[in-house]
Amino acid sequence: MAEHQAPLPLVTIQVELFGLAQLVCGRRQVAIDVPGSATVADVATALAKTCPALVGTIIRHDLSGLHESYILNLNGLTFVAQGCLTLQPGDTLLLFSSQAGG
Amino acid sequence: MYGYNGKTLLVNLTSQAVWWEPLSAHVLRRFIGGTGLGTYLLYKYCPPGVEPFDPANPLIFVGSPLVGSRLTTSSKFAVLTKSPLTGFIGDSLSSSFMATELKKAGCDALVITGRSPFPCLLAINDGAVEFLDATPYLGLNTMATEHTIKERLGQRTRVACIGLAGERLVRYASITNDGGRQAARTGPGAVMGAKNLKAIAVRGTRTVPIFNADALHAIGTHLTQRSLGPATEKYRTLGTLANVAVFNRLGTLPTRNFQRSTFDETAQVSGEALHQTHFVTNAHCANCTIGCEQILTTTDSGPTAQGRMEYESAFALGPLLGVANANTVIRASTLCDALGLDTISAGVTIAWAMECFEKGLLTLEDTGGLALRFGNDEALLECLQLIGERRGIGDLLAEGSRRASQRLGRGSEAWAMHVKGLEMPGYEPRSLKTMALGLAVSTRGACHNRSSAYEADFSARVDRLQVDTERGRITMEGEDFSAVLDSLIWCKFLRKAFHDLYAESATIYEHITGWPIAPEELRQAGERINTLKKLFNIREGWTQKDDTLPPRVLTETLPTGVVQGVGLTRADLDMMIQGYYCARGWTAEGLIPEQKLRELEILDIVQADATEAPFP
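As the structure is a prediction and not an experimental result, all values here were calculated from the model.

Draft legend 1. View of the environment of Glu151 of chain B. Assignment of secondary structure puts Glu151 of chain B in helix H4 (residues 142-153). Along the backbone, Glu151 of chain B and Ile605 of chain B are 454 residues apart, and their C-alpha atoms lie at a distance of 44 Å.

Next comes the structure, spelled out in structure tokens:
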């Protein structure tokens, strides 16, 4: 018999936008609410609510994640792979192009 | 032969001798073109131990099998010589119509040696060579030189020239072509100046046949579509300037001569800010569909300056010098282009001087009254002009940071930010550990482009703040990948548009040349090219101690940002270097076993009598 799972508590984090993300949103930073144990899809979904202009250009249309050419970094230190993120209130995600260098 | 002309044009400026030598299929398949073929030719034609400014040092321009194919980003060429900054291999890439014109003129490579008895304009017209008097162009900036020569020889003529900096043998002088594109790193413009060669003008009408043009066209169309997709979006939007704000946030933006890795005033010189306030248009090289170039203009009441701006120029002439005025950064970059200066080496050398000035090692008397303090906009612009003219303090700084610090002494070598004599690019190695290794072992000195090792650091593949021996394999693979890119030659900004660079490039190579080649053969060509580069350096005196980083990087921790307290010890760097030598199959001293030379089919090249004078 399946157990009923209580919804995970949400945490408020900041997302700093760089490059095209900043240009299309017209903002450098936004706040979003996501589960403390979030997937990249959770982050993409929350971001899409706050910044719909990101959908299609940076966030996949089905909100399953980011386009390959974008990447997230947690607090300026840890690059985020496709797995789950453990987020604390006050954390900051950086969203920028994964095309490094030049 | 398809895809190649199959020959090298050789010119001796001293004797005005001109002759052709064949390039065999065996050589072309092993070294492809661009940097690879150029390395082969440099190894062959550069007399061992020659001084970079000696007439015998060859200056080599090399095209590639892709040139003329109309594939996106394929109009590029390489320039190789023994570098006057490093004394090791010097190689740079440039792009646009000069590449296609050289091929149409009938040569895969142009090798120039000797020294002209008069200021020379070397004019090549479908393989016919003239030695014209370039006296009227002396002292002209690069744009005026190109413009004036085109007025004389025709607008379809393609021109590669030096500015004042090249004429005055500034060791990091660039060669400029097609309206401001630069072969700049490692100072090939200074070697051109030493040859008394102000410019090369090329016209050609020949067509090099392609083996299977229909198949190539189909692939090219698909590649063009991908070049307009998400894989290049960053470059099409803000260009490489997008790095500024991100690097600052990650603590990897070298600031005030690498004393810090964050810049408090980044918002004034970020790509986003420049795009909103200084952007004029995007531009692109010939046959490029990406168009990464950001043309920016000044907006203040001073003299108008307008030109291309890249991340490396913005970092080196902005945060590295404590300069936050975007108009000044744009002016400084366009001034470097006009004088024919490598912006990275110019900025890093001036940063060294500013630190010397602030520490009292250089005085107003030394600088001719110039207050070379960090953040002094006017001093930066005046200093660049002095360097270009080799006047006053500019004469010392024209030598580059290594020689200038050795001449000044008094401990200033500790903050001369170079590797092997080549000034550091805008990647802080303490907070990018894979890049630290890439910079330390690169054959051309502190270079980010010949390994692209930063790619691993800017991903979830590694922890960029930690070290391990695995970075050796990552760096080696990046170097070999880059060598193939730089030899075919593809623009690096196209690299993510390939699903599998080796497999797709092998197919394209076969369609162009008719020579079947396996993807693994291409990968091995990358390894072969990097190995021959290293062999050249060994022949020119490389020892293990040359694979290192500036003392500051190995003794000081970063003081600000998310990387506060992060450093890099010599032991950690040495551990990564050993991992790199091991991955390459080299000895613990970084030397190359004979078996490796056999495996890579280059033992014959090494055993050839390099002292035999190849020129009449």
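Draft legend 2. Structural view of unusual backbone geometry. All names here are of chain B. With an omega dihedral of -10°, the bond running from Leu488 to Ile489 counts as a cis peptide bond. Non-glycine residue Asp126 carries a positive phi angle of around 50°. With respect to the helices and strands, Asp126 occurs in the loop between strand S7 (120-125) and strand S8 (128-133). A count of 12 C-beta atoms within 10 Å places Asp126 in the exposed class. If you check the backbone angles, Arg410 has positive phi at about 55° while not being a glycine. Take Arg410: it is sitting in the loop between helix H18 (400-408) and strand S16 (418-419).

Draft legend 3. The sheet that holds strand S1 (residues 10-17) of chain A, seen in detail. Residue and element names in this part refer to chain A. Reading across the sheet, the 5 strands line up as S2-S1-S7-S4-S5 and stay open at both edges, with mixed pairing between neighbours. This sheet does not close on itself; its edge strands, each paired only once, are strand S2 (29-35) and strand S5 (78-79). With 4 bridges connecting them, S1 and strand S7 (residues 92-97) associate as parallel partners. Directly across from Leu17, in S7, lies its bridge partner Leu95. On the sheet, helix H2 (residues 40-50) packs against S1, S2, strand S4 (70-74) and S7 and is oriented at approximately 130° with respect to S2.

Draft legend 4. Focus on the nonpolar core. With 232 residues, the main nonpolar core has Leu95 of chain A together with Ile60, Ala199, Leu341 and Leu384 of chain B as its most contacted residues. Not counting the four nearest positions on each side in its chain, Ile60 of chain B is found in contact with Gly38, Leu41, Leu42, Val79, Leu80, Thr81, Ala109 and Val111 of chain B.

Draft legend 5. Looking closely at the interface of chain B and chain A. Residue-level contacts link 27 residues of chain B with 22 residues of chain A. Going through the elements one at a time, helix H8 (233-237), helix H9 (243-250) and helix H20 (454-457) of chain B are the ones with two or more residues in the side of chain B that touches chain A. Per-element accounting of the side of chain B that touches chain A gives the leading share, 5 residues, to H9 of chain B. Of the residues contributing to the side of chain B that touches chain A, the split by class is 13 nonpolar, 7 polar and 7 charged.

Draft legend 6. Here's a closer look at the domain arrangement of chain B. Residues and elements named next belong to chain B. When the domains of chain B are assigned, the result is domain 1 (7-203), domain 2 (228-423) and domain 3 (429-607). Averaged C-alpha coordinates put domain 1 and domain 3 at centres separated by 26 Å. Listed per partner, the contact involves 33 residues of domain 1 and 30 residues of domain 3. Broken down by secondary-structure element, the contributors of at least two residues to the side of domain 1 that touches domain 3 are helix H1 (25-31), helix H2 (34-45), strand S4 (76-82) and strand S5 (89-95). Sort the elements by how many residues they give to the side of domain 1 that touches domain 3 and H2 lands first, with 8 residues. Class assignment for the residues of the side of domain 1 that touches domain 3 results in 13 nonpolar, 14 polar and 6 charged.

Calculation rules
- Residues numbered from 1 in each chain as written.
- Chains lettered and ligands numbered in written order.
- Predicted model: local features only at pLDDT ≥ 70, side-chain atom pairs only at ≥ 80, totals over all residues.
- Helix = DSSP H or I, 4+ residues; strand = E, 2+ residues; numbered from the N terminus.
- Buried ≥ 20, exposed ≤ 12 C-beta atoms within 10 Å, placed from the backbone.
- Pairing = 2+ DSSP bridges.
- Contact = placed C-beta atoms within 7 Å.
- Axes fitted to C-alpha atoms, helices over the stretch in contact; angles between N-to-C directions.
- Core = buried A, V, L, I, M, F, W, Y, C linked by C-beta atoms within 7 Å.
- Nonpolar A, V, L, I, M, F, W, Y, C, P; charged D, E, K, R; others polar.
- Domains from an automatic or database assignment.

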